[in-house]
Amino acid sequence: MEHFPLFLNLHGRRVLVVGAGLVAARKIALLLSAGAQVTVLAKAAHPSVSAQAEQGHISLHLGAFDAQWLQGMWLVIAATNDEALNAAVAQAASARQLWCNVVDDAARSSAQVPAIVDRAPLTIAISSGGAAPVIARRLRERIDSLVEPSIGWLTALARRQRAAIRRARPELGARRRFYHWLLDGPVHDALRAARPEAAEALLEEALRTGEAPPQGKVLLVGAGPGDPGLLTLRGLRALNEADVILHDRLVSPEVLQLARRDALQISVGKTPGEDHEATQQRIQALMIDHASQGRTVVRLKGGDPLVYGRGGEELLALRAHGVAYEVVPGITAALACGAYAGIPLTHRAVADTLTLATAHRREAAEHAHAPGQHTRVYYMGVERLAALSAQLTHDGLPFDTPCALVENGSRPGQRTLHATLATVAAQARVHAIASPALLIVGEVTRLGQTLAWFGETLAPEHARPKTARAAALAA
Ligand code: SAH
């Protein structure tokens, strides 16, 4: 081991920071958050450091460094941009056997400040020993995204209840099992659901009556439109907790690759000859069955689970069977296709109303808004494009209403076809647009011809802006 990791209790202890620029300011903030009593010595101070002094958080001295300043200190940080001065501070500290960190100078430092994941009271520190701080920081980001905030709250709860746990579970093995139960069971779930009082009550109850074996649960997770970068952090964590993953066909393989290696992955898409109802019943039975055996089940759906995902029905079934669940939203196809086709779904003076609809059902209240002010997004429309566009023009939208059909939104094969209600069905056939694709109808789609930045854009002549207003919009 090159460096010995150590966590310092700085509460009320004096620390000297030499330097008062921006770099020093960051270290000062860190020291203050650890409760240190900070003295700052510098020739001049950044306004943010002066402000800290005025508010009484630190004591600031303007002047030159000499070894006298080390008197009574537990730790020294040299954070000036004067290398000779930093070296002098480090040397003086060494002479007094006082730990000294020289910011960004591993060779002169006897102590180094690691990259930190702060889930107080839980702290994760990563150090490359000064060899490559960027690598340590990158690792910090990875760990930071995986360690959920609730772990910190659980640690704080465990600290508060530590003596009680020790009394109620005097035997080491039983105590260890109890702590595992805390992590895996309903107490942690309650903290994740932002119900700290319920968590505390569950813990106390378990200390009195014995902890029930961990209950299974279902996490209903939105996988987003396909690009794995569009999965949420909570979704990623869920994939790492899962024992079983039940996913739809629409979920991209790139997203599934992020799941825990030993999780059981089951594709639960519709099978040939099976009707929607039977599929749905089979999926619900699978979720309930696995969760009832104490497993953590991730039900992974494309986009958002509660937007045309039948997620609501699945939650009702879980509730009816008393299975615990959480819902993790995802980026729905309408938002992703808009973003990745450069189409702002609302745009000042062009569209102030947004409707998400399915091509399968006839829309109600079609005339509520002037056509130009309204963006309509249709899911599941590829096979029904002719019927859908006919319906919309029948309902009063002009034949030349611009629209965009986005195929494979956010995925490597994305294509955006610009057309009008009169031509979109025929054009989609010409270009063999296939599912998954989403139809966006409204003036805003013209902007996509200017703002497109991802994938391929197909804009036949007739769909290009003609009127002065449209040209101005698209310019
Ligand atoms: N829950 C999903 C929608 C499921 S319905 C969500 O929130 O996005 C399935 C329909 O969504 C498809 O028929 C298609 O219209 C649309 N869709 C899903 N992913 C898509 C993608 N990557 N690109 C274009 N359309 C998509």
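On a predicted model such as this, the values are computed, not experimentally measured, just so you know. (Residues numbered from 1 in each chain as written. Predicted model: local features only at pLDDT ≥ 70, side-chain atom pairs only at ≥ 80, totals over all residues. Heavy atoms only, no water.)

A. Focus on helix α1 (residues 22-33). Taking 1.5 Å per residue, twelve residues should reach 16 Å; α1 reaches 17 Å between its end C-alpha atoms and fits that length. Within the span of α1, buried status applies to Ala-24, Ala-25, Lys-27, Ile-28 and Leu-31. Here the buried residues of α1 occupy an arc of 165 degrees about the axis, which is enough to place them on one side. In α1, the exposed positions that point more than 90 degrees away from the buried face belong to Leu-22, Arg-26 and Ser-33. Of the surrounding elements, those touching the buried residues of α1 are β1 (14-18), β2 (37-42), α2 (47-54), β4 (75-78) and β5 (100-102). Gly-35 occupies a position one or two residues after α1 and carries a positive phi of about 85 degrees. (Helix = DSSP H or I, 4+ residues; strand = E, 2+ residues; numbered from the N terminus. Expected span 1.5 Å × (residues − 1). Buried < 20%, exposed > 50% of the residue type's maximum accessible area, 1.4 Å probe, protein only. Arc of directions from axis to C-beta. Contact = heavy atoms within 4.5 Å.)

B. Here's a closer look at the pairing of strand β6 (residues 115-119). In β6, alternate side chains face the same way, and those of Ala-115, Val-117 and Arg-119 are buried while those of Ile-116 and Asp-118 on the opposite face are not. As judged from the five bridges shared by β6 and strand β7 (residues 122-126), these two strands associate in the antiparallel manner. Bridge assignment links Val-117 to a residue of β7, and that residue is Ile-124. Following β6, the chain reverses through two residues before pairing antiparallel with β7. (Pairing = 2+ DSSP bridges.)

C. Focus on the environment of Pro-253. Among the structural elements, Pro-253 can be located in helix α11 (residues 253-256). The spacing of Pro-253 and Gly-226 is 27 residues in sequence and 8.4 Å in space, taken between C-alpha atoms.

D. Region of the structure containing the nonpolar core. Ranked by internal contacts, the top residues of the largest apolar core, which has 21 residues, are Tyr-378, Leu-392, Leu-405, Ile-433, Leu-439 and Val-441. Listing elements by their share of this core, those giving two or more residues are α15 (385-394), β15 (402-407), β16 (415-420), α16 (424-430) and β17 (437-441). In this structure Leu-439 touches Arg-376, Val-377, Tyr-378, Leu-385, Leu-388, Cys-403, Ala-404, Leu-405 and Val-424, once residues within four positions along its chain are discounted. (Core = buried A, V, L, I, M, F, W, Y, C linked by side-chain atoms within 4.5 Å.)

E. A look at unusual backbone geometry. Going from Ala-120 to Pro-121, the amide bond is cis rather than trans, its omega being 5 degrees. Residue placement: Pro-121 occurs in the loop between β6 and β7. Notably, Asn-408 is not glycine yet its phi reads approximately 55 degrees, a positive angle. Mapping Asn-408 onto the fold places it in the loop between β15 and β16. In this model, Ala-432 sits at a positive phi of 50 degrees, which is unusual for a non-glycine residue. Mapped onto the elements of the fold, Ala-432 is located in the loop between α16 and β17.

F. Representation of the side chain of Thr-353 within the structure. Mapped onto the secondary structure, Thr-353 falls in strand β13 (residues 353-358). Within the structure, Thr-353 has its side chain in polar contact with the side chain of Asp-352 (distance 2.9 Å). (Polar contact = N/O pair within 3.5 Å; in protein donor to acceptor, adjacent residues only side chain to side chain.)

G. A look at the pairing of β1. For β1, the buried fraction is high: four of the five residues fall into the buried class. The pairing of β1 with β2 spans five bridges and is parallel. Bridged to Val-17 within β2 is Val-40. Taken together, β1, α1 and β2 constitute a β-α-β crossover, and its handedness is right-handed. Two elements, β1 and β4, share four bridges in a ladder whose sense is parallel. (Right-handed = clockwise from strand over helix to strand, strands pointing away.)

H. Fine view of the packing of helix α7 (residues 172-184) against helix α9 (residues 196-209). Taken N-terminus to C-terminus, the directions of α7 and α9 make an angle of 150 degrees; their axes are 12 Å apart at the nearest point. It follows that α7 is roughly antiparallel to α9 by the angle criterion. Considering how the two elements wind past one another, α7 and α9 form a crossing that is right-handed. On α9, the residues touching Phe-178, Trp-181 and Leu-182 of α7 are Leu-202, Leu-203, Ala-206 and Leu-207. Among the residues forming the contact of α7 with α9, the class breakdown is seven nonpolar, no polar and no charged. (Axes fitted to C-alpha atoms, helices over the stretch in contact; angles between N-to-C directions. Parallel < 35°, antiparallel > 145°, perpendicular 65-115°, else oblique. Left-handed = near helix turned anticlockwise from the far one by under 90°. Nonpolar A, V, L, I, M, F, W, Y, C, P; charged D, E, K, R; others polar.)

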